Amino acid sequence: MAQAHGRLTLTAVAEDPLALTRRLRRDDGPDLLFRPLRHADAERLAAFLEGLSPESRRLSTFDGYDLASARESCDAIARYDKLRLVLEEVPSGRIVGLLEISLVLHPSDIARYREAGIRLEATDCRFGPTLADDHQGRGTGTRVFPLVRDVAQRFGKKRIILWGGVLADNPRAIRYYEKQGFQTAGSFTDTDGTRALDMILDLASATAPVTARDAGRPLDG
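On a predicted model such as this, the values are computed, not experimentally measured, just so you know.

Chemist: Please clarify how the layout of surface pockets should be interpreted in this entry.
Modeler: Using a probe with the size of a water molecule, rolled over the atoms, empty space left in the structure can be pinpointed. If you add up the space inside the largest pocket, you get close to 1100 Å³. If you trace the largest pocket, you find 46 residues lining it, with Leu59, Pro129, Asn170, Ala173 and Tyr177 closest to the centre. Mapped onto the lining of the largest pocket, the elements with two or more residues apiece are helix 3 (54-59), strand 4 (95-102), helix 5 (107-115), strand 5 (124-131), helix 6 (140-154), strand 7 (166-167) and helix 7 (171-179). The class makeup of the residues in the lining of the largest pocket is 16 nonpolar, 18 polar and 12 charged. In this model, the second largest pocket occupies a volume close to 620 Å³. Around the second largest pocket sit 30 residues that line it, and Ser73, Ala76, Lys82, Arg84 and Glu100 are the ones nearest its centre.

Below is the structure:
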């Protein structure tokens, strides 16, 4: 098993992906598997990236949206500081979501939050979700977030910040993060001139309940 004692590690998850695999039951469409990205996912991940609309790409933080980028993500499994999780439709196997957790903070994040009076620690992590266009606005992000919280805590993290912040002109995303318990920590202007908000979630004070339905079920459950 991936976690015999203590906290999870990226290597342990790569060796035992089932430790973080859950099935989300849905009433309005196919069930979803929440699971770690696998080396064999490159082509399906590429299809997901290539299918994102221009607006979804504008709101995301990926370096590319093609097969080469997908292969790079798959090749990076357990090699660096990032855990990538996907949402996969059952039974088609289509990837409809990519959820990224960075376990190491970027110096620019540390500096911005320091200016806002918040000292980031090694027990903080970054999170960035992207859903396929046809899964946006359907409650998928709300349903899956308790699983994200659980993963962060199993890695020993106490707070989550947004990966690259959230664009200030994206009110739907801001409302979503506020619903999950995130608090605005400040704002900044990116290198391309866009304004974004930094938001942070204290996992110890998160009030959103984790129900059996929301948290999904283990594959043997």
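Chemist: Where do I start with the packing of aromatic side chains in this structure?
Modeler: To describe a pair of aromatic rings, one takes the distance between the centres and the angle between the planes. All told, the structure shown has 5 aromatic pairs when counted by the stated rule. Among the aromatic residues, ring-to-ring pairing joins Phe127, Phe145, Tyr176, Tyr177 and Phe182 into one connected group. Here Arg112 stacks its cationic end above the ring of Phe188, 4.0 Å away from the centre of that ring. It is Arg126 that lies over the ring of Trp163; its NZ or CZ is 4.6 Å from the centre.

Chemist: Help me out: how do you make sense of the pairing of strand 5 in this one?
Modeler: Within strand 5, 7 of the 8 residues are buried, which leaves it mostly tucked inside the rest of the structure. Pairing of strand 4 with strand 5, which is carried by 6 bridges, proceeds in the antiparallel orientation. Paired with Ser102 across the strands is Arg126, a residue of strand 5. Note: strand 5 against strand 6 (residues 159-162), 4 bridges, orientation parallel. For Asp124, the partnering residue across the bridge sits in strand 6 and is Arg159. With respect to chirality, the unit in which strand 5 leads through helix 6 into the neighbouring parallel strand 6 is right-handed.

Chemist: What am I meant to see in the pattern of salt bridges here?
Modeler: Pairing is possible between side chains that carry opposite charge, provided their charged atoms lie close to one another. Under the definition given, this model contains 20 salt bridges. The residue Asp28 makes a salt bridge to Arg138 at a minimum N-O spacing of 3.7 Å. On the criterion of sequence distance, the pair formed by Asp28 in the loop between strand 1 (22-24) and strand 2 (32-36) and Arg138 in the loop between strand 5 and helix 6 is long-range, its members being 110 residues apart. Of the residues examined, Asp28 reaches a relative accessible area of 47% and is grouped as partly exposed. Taking relative accessible area as the criterion, Arg138 reaches 34% and is therefore assigned partly exposed. One salt bridge in this structure joins Arg35 and Glu88, with 2.8 Å as the shortest N-O distance. One end of the pair, Arg35, is in strand 2; the other, Glu88, is in strand 3 (residues 82-89), and 53 residues separate them in sequence.

Definitions and limits used
- The written sequence of each chain sets the order in which its residues are numbered from 1.
- Only residues with pLDDT of at least 70 get local features here, since the model is predicted, and only at 80 or more are side-chain atom pairs given and counted; chain-wide, interface and lining totals rely on the full set of residues.
- The side-chain values count all of the structure's non-hydrogen atoms but skip hydrogen atoms and water molecules.
- Only protein atoms enter the calculation, which uses a 1 Å grid: trapped sets of points that fit a 1.4 Å probe without letting it out are cavities, open sets showing protein on both sides within 12 Å along at least five of seven lines are pockets, and any residue with an atom within 4 Å of a point is a lining residue.
- Grid points are joined across faces, edges and corners, and a volume is the space filled by probe spheres set on the points.
- Secondary structure elements are taken from DSSP: a helix is a run of H or I of four residues or more, a strand is a run of E of two residues or more, and numbering for both begins at the N terminus.
- For this classification, the nonpolar set comprises Ala, Val, Leu, Ile, Met, Phe, Trp, Tyr, Cys and Pro, the charged set comprises Asp, Glu, Lys and Arg, and every other residue, Gly included, is treated as polar.
- Pairing of aromatic rings covers Phe, Tyr and Trp, the last counted by its six-membered ring, and requires centre-to-centre distances within 6.5 Å; plane angles under 30 degrees mean stacked, over 60 mean edge-to-face, and any other angle means tilted.
- Two limits define a charge over a ring: the Lys NZ or Arg CZ must be within 6 Å of the ring centre, and within 35 degrees of the ring normal.
- For every residue, the accessible area obtained with a 1.4 Å probe (protein chains only) is divided by the maximum for its type, and the residue is called buried under 20%, exposed over 50%, and partly exposed between those limits.
- Pairs of strands are assigned from DSSP output, requiring at least two bridges between the strands.
- By convention a crossover is right-handed if, when the strands point away from the viewer, the path from the first strand over the helix to the second runs clockwise.
- Here, a salt bridge means any Lys or Arg side-chain nitrogen found within 4 Å of an Asp or Glu carboxyl oxygen.

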